[in-house]
Amino acid sequence: LAIAYTIMGGIQAVIWTDVVQCVVLLGGALICLVLAVSGVDGGLSGLVAVAQRDAKLRIIDWTWDMTTATVWVLMVGNLASVLSSYTSDQTVIQKYLTTRDVKQSGRSIWANALLAIPSTIIFFGIGTALYAYYQSHPAQLNPHLPTDAIFPQFMVQALPVGVAGLLVAALFAAAQSTLSSSMHSIATALVVDFYQPLRRSSSDKMRLRLARILICVTGVAGTSAALLMATYDISSLFD
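Treat the numbers as computed from the prediction; the structure is a model and nothing was measured.

**Student:** Mind laying out the overall build of the protein chain, listing which residues take part and the relevant values?
**Tutor:** In terms of regular secondary structure, the protein chain is built from eight helices and zero strands. Tracing the protein chain from N to C terminus, the helices and strands come up as α-α-α-α-α-α-α-α. Projecting the C-alpha coordinates of the protein chain onto the three principal axes gives extents of approximately 70 × 40 × 35 Å. Of the contacts formed within the protein chain by residues at least 6 apart in sequence, a portion of 65% connects residues at least 24 apart. Accessible surface, the protein chain: about 15,500 Å² in total, of which carbon and sulfur atoms supply 70%. Counting 13 positive and 12 negative side-chain charges, the protein chain places the centres of these two groups 17 Å from one another.

Structural data, given as structure tokens:
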């Protein structure tokens, strides 16, 4: 589906589907957070009690241990990650280029930075809520599941059918958003930076056709790689 709409609509389709997918993702995450909290013994107060007891509310680690997720490790790591993506990553840069001027691009960066704060709190909150939920319902947790499978398992076990469907859609929305941006950026870079300088006589129609072919090829290659990795014994996607 992501390959199809990226081929047909280009960057405009990528951006507007990103907007819809963002709404679905955050809406689904909020619903899941509320339902997870309501399933904890004692509700919100029970969640806070479990989180405090097991040090799940320790947000900041000021130690100088560089082998764990301390403040210093996260600051350096995130600075390197964000600086590279916001200054040189084609998946981000291509969206700057759709704005009217530099001022509008700047506003989009600030909007993204501000929205990152509540969205990060929501998703980390879900992790803490699920921890407390399975403290209240230990029999429902399969101890052999990889970390990334716990959230989908919660959807299947604890959510009404319609809500579970919404959250599955939210997870696919996040995947599609990343996939479509990546496919479009790869195709654009290859056509504009490599093909066009070598084939200066090529027409816009030829370049557009090549871009669509490249989107299809990269999309199929990426999906195939994901299917292959799904067969590996990996405890989590982060690993």
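**Student:** So what's going on with the packing of helix H2 (residues 43-53) against helix H5 (residues 102-136)? Which residues, and what values?
**Tutor:** Geometry of a packed helix pair, given as the angle between the helix axes and the separation of the axes. In the contact formed by H2 and H5, the axes pass within 9 Å of each other and the chain directions differ by 100 degrees. Taken together, the axis directions place H2 and H5 in an arrangement best described as roughly perpendicular. Within the contact between the two elements, H2 uses Leu-47, Val-50, Ala-51 and Arg-53 and H5 uses Thr-128, Ala-129, Tyr-131, Ala-132 and Gln-135. Taken together, the residues that form the contact of H2 with H5 break down as six nonpolar, two polar and one charged.

**Student:** Requested: an account of the packing of helix H7 (residues 161-198) against helix H8 (residues 204-229), with residues and values cited.
**Tutor:** Axis separation between H7 and H8 bottoms out at 8 Å; the angle between their running directions is 135 degrees. On the basis of their axis angle, the class for H7 and H8 is oblique. Note that H7 runs across H8; the crossing there is right-handed. Residue-level contacts link Met-183, Ile-186, Ala-187, Leu-190, Val-191, Tyr-195 and Gln-196 of H7 to Met-206, Arg-207, Leu-210, Ala-211, Leu-214, Ile-215, Thr-218 and Gly-219 of H8. Grouping the amino acids of the contact of H7 with H8 by side-chain chemistry returns 11 nonpolar, three polar and one charged.

Rules behind the numbers
- Residues numbered from 1 in each chain as written.
- Predicted model: local features only at pLDDT ≥ 70, side-chain atom pairs only at ≥ 80, totals over all residues.
- Heavy atoms only, no water.
- Helix = DSSP H or I, 4+ residues; strand = E, 2+ residues; numbered from the N terminus.
- Contact = heavy atoms within 4.5 Å.
- Areas by Shrake-Rupley, 256 points an atom, 1.4 Å probe, with all protein chains shown as cover.
- Lys, Arg positive; Asp, Glu negative; His and termini not counted.
- Charge placed at Lys NZ, Arg CZ, Asp CG, Glu CD.
- Axes fitted to C-alpha atoms, helices over the stretch in contact; angles between N-to-C directions.
- Parallel < 35°, antiparallel > 145°, perpendicular 65-115°, else oblique.
- Nonpolar A, V, L, I, M, F, W, Y, C, P; charged D, E, K, R; others polar.
- Left-handed = near helix turned anticlockwise from the far one by under 90°.

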